[in-house]
Amino acid sequence: SLAFFIEYIDNTIKSPEDVKEILASHFLGAIPEIKGREGIGKDRIAYLDPKSPISESYKSIRTEVCQLMRQGDSLKTILITSAEPQAGKTVTVSNLGIALSQQGNSVLLVDCDLRKPQLHRIFNLDKERGLTEYLSDGTDIGSIIKDTDIENLKVISSGRVSGNPSETIACAKMKEFIIEIKNKFDFILFDSPPLISVTDAVILADMADVLVQIVRSGKILAPIALRAKEKLLQAKAKNLGVILNDVKIYHGHYYYYYHRYYHYYGEEDGGRGFQDSPSYKAKTKFDRSLNKT
């Protein structure tokens, strides 16, 4: 009874149903929670462990995003943002970019978080000579596009930390930058700061073709997520929808069934059935505890 009461008063976004009913947004897909040692390398898991359930989740989101973007003409730039910090924006940018490149697309990741940049760390690149240098110093665009060890995937780092990030992003040179890179790549993904904290993401949303909101399951209050959506609705970019991150398998049946079918059909586990998978065991244990209650 206590468990059901806590669930009843929980005012966070935690399931695909919440995305559709509370946020009234298109559900693009969900990424299951990663714990402990499984989290090692999660920034590039789509490359390091392409057959894992997490990687399959990113591939599923890739398919959904590509189908929606085909509905428009020349849609290439994607802004990935969130309402709050630590929602998984940068991890999503990295892995979705990898998933897109694995289809043979030329993909560019641009670190537009000029306050706390992370993409250079994920791909072991030099942070200097990046977006800030192009926008402020007139550096040639070719010199700031950096190779990665992943085929078809390139990165533009943030460059030096700017004293006025919002003003740097909002300049006319940024629009020229976007026009130029759209002629060079099939997909361009922008990583940005959180929406609630600063205005950078809203500025970028007016320049990008489409935008995607990341919501960390069970962590963000519904009113905050709704406020972030309101800010995005004012932008010119097409709102593709929401990706639910860090989904716990016991929050509804979505990921219980996902992992059940993955282990039954997709995983090469030497004949082990889905009944032996950790996700199935966890869900069964939870169901039994509810029955006892």
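Scroll up a little and you will see the structure.
No experiment lies behind these values; they were computed from the predicted model shown.

J.: Mind showing me how you'd approach the overall build of the protein chain here?
T.: Across its full length, the protein chain carries 14 helices and eight strands. A buried classification covers 53% of the 293 residues belonging to the protein chain. Accessible area for the protein chain stands at about 14200 Å²; split by element, carbon and sulfur atoms hold 49% of it.

J.: Would you mind going over helix H5 (residues 89-101) with me for this structure?
T.: Since the α-helix turns once every 3.6 residues, residues separated by three or four places project in the same direction. Over its 13 residues, H5 extends 18 Å from the first C-alpha to the last, a length consistent with the 18 Å expected when each residue adds 1.5 Å. Buried residues dominate H5, accounting for 13 of its 13 residues.

J.: What exactly am I supposed to notice about the nonpolar core here?
T.: Within soluble globular proteins, side chains that are nonpolar tend to cluster in buried spots. If you look at the biggest cluster of nonpolar residues, it comprises 44 residues, and the most contacted ones within it are Ile13, Val110, Leu131, Met174, Phe177 and Phe190. Excluding its chain neighbours within four sequence positions, the residues that come into contact with valine 110 are Leu119, Leu131, Ile156, Phe177, Ile181, Ile188, Leu189, Phe190 and Asp191. Of all hydrophobic cores here, the second largest spans 36 residues; its members include Ile45, Tyr58, Val155 and Val212.

J.: Is there a simple way to think about a nonpolar patch on the surface in this case?
T.: Taken together, Ile196, Leu221 and Ile224 make up a surface patch of nonpolar side chains, about 230 Å² in accessible area. Mapped onto the elements, leucine 221 comes out in the loop between strand S7 (210-216) and helix H12 (222-233).

J.: Hey, could you run me through the packing of helix H4 (residues 53-69) against H5 in this one?
T.: Helix-helix packing is characterised by the crossing angle of the two axes and by the distance between the axes. Relative to each other, H4 and H5 sit at 75 degrees, their axes nearing to 9 Å. As summarised for this structure, H4 and H5 are arranged roughly perpendicular, according to the angle between their axes. Each of Tyr58, Ile61, Arg62 and Cys66 in H4 lies in contact with H5, whose residues at this interface are Val91, Thr92, Asn95, Leu96, Ala99 and Leu100.

J.: Help me out: how do you make sense of the pattern of salt bridges in this one?
T.: Side chains bearing opposite charge may pair, as long as their charged atoms lie close to each other. A full pass over the atoms with the stated rule returns 14 salt bridges. Between aspartate 43 and arginine 121 there is a salt bridge, with its nearest N and O atoms 3.5 Å apart. Taken together, the positions of aspartate 43 in the loop between strand S1 (27-32) and helix H3 (45-48) and arginine 121 in helix H6 (residues 119-122) put the pair 78 residues apart, joining distant regions of the chain. For arginine 121, a relative accessible area of 48% translates into the label partly exposed. Taking the shortest distance from any N to any O, the salt bridge between arginine 115 and aspartate 200 comes out at 2.9 Å. With a gap of 85 residues between them, arginine 115 in the loop between strand S3 (107-111) and H6 and aspartate 200 in helix H11 (residues 200-205) connect regions that are remote in the sequence. We classify arginine 115 as partly exposed; its relative accessible area is 34%. Judged by relative accessible area, aspartate 200 falls into the buried class, the value being 0%. One network of salt bridges, in which partners are shared, links Glu133, Asp137 and Arg160.

J.: Teacher, can you tell me more about unusual backbone geometry here?
T.: Leaving glycine out, the prevailing phi sign among residues is negative, and the prevailing peptide bond configuration is trans. Positive phi, close to 55 degrees, is recorded for asparagine 124, a residue that is not glycine. Here asparagine 124 lies in the loop between H6 and helix H7 (131-137). Although it is not a glycine, arginine 129 sits at a positive phi angle of roughly 55 degrees. With respect to the helices, strands and loops of the structure, arginine 129 is situated in the loop between H6 and H7.

J.: Honestly, the packing of aromatic side chains in this entry has me stumped. Any pointers?
T.: Centre distance and the angle of the planes are the two values used to describe a pair of aromatic rings. Counted by the stated rule, this structure contains one aromatic pair. Note on tyrosine 134 and phenylalanine 177: the rings are 5.3 Å apart at their centroids and 55 degrees apart in plane angle, and the pair reads as tilted. Taken together, the positions of tyrosine 134 in helix H7 and phenylalanine 177 in helix H10 (residues 172-182) put the pair 43 residues apart, joining distant regions of the chain. The pair tyrosine 134 / phenylalanine 177 is uniform in exposure class, with both members buried.

About the cut-offs
- Residues numbered from 1 in each chain as written.
- Predicted model: local features only at pLDDT ≥ 70, side-chain atom pairs only at ≥ 80, totals over all residues.
- Heavy atoms only, no water.
- Helix = DSSP H or I, 4+ residues; strand = E, 2+ residues; numbered from the N terminus.
- Buried < 20%, exposed > 50% of the residue type's maximum accessible area, 1.4 Å probe, protein only.
- Areas by Shrake-Rupley, 256 points an atom, 1.4 Å probe, with all protein chains shown as cover.
- Expected span 1.5 Å × (residues − 1).
- Core = buried A, V, L, I, M, F, W, Y, C linked by side-chain atoms within 4.5 Å.
- Contact = heavy atoms within 4.5 Å.
- Patch = residues over 30% accessible without salt bridge, like charges linked within 9 Å, V, L, I, M, F, W, Y side chains within 5 Å.
- Salt bridge = Lys/Arg side-chain N within 4 Å of Asp/Glu carboxyl O.
- Axes fitted to C-alpha atoms, helices over the stretch in contact; angles between N-to-C directions.
- Parallel < 35°, antiparallel > 145°, perpendicular 65-115°, else oblique.
- Phe/Tyr/Trp six-rings, centres within 6.5 Å; stacked < 30°, edge-to-face > 60°.

All quantities given are derived from atomic positions and should not be read as evidence of function.
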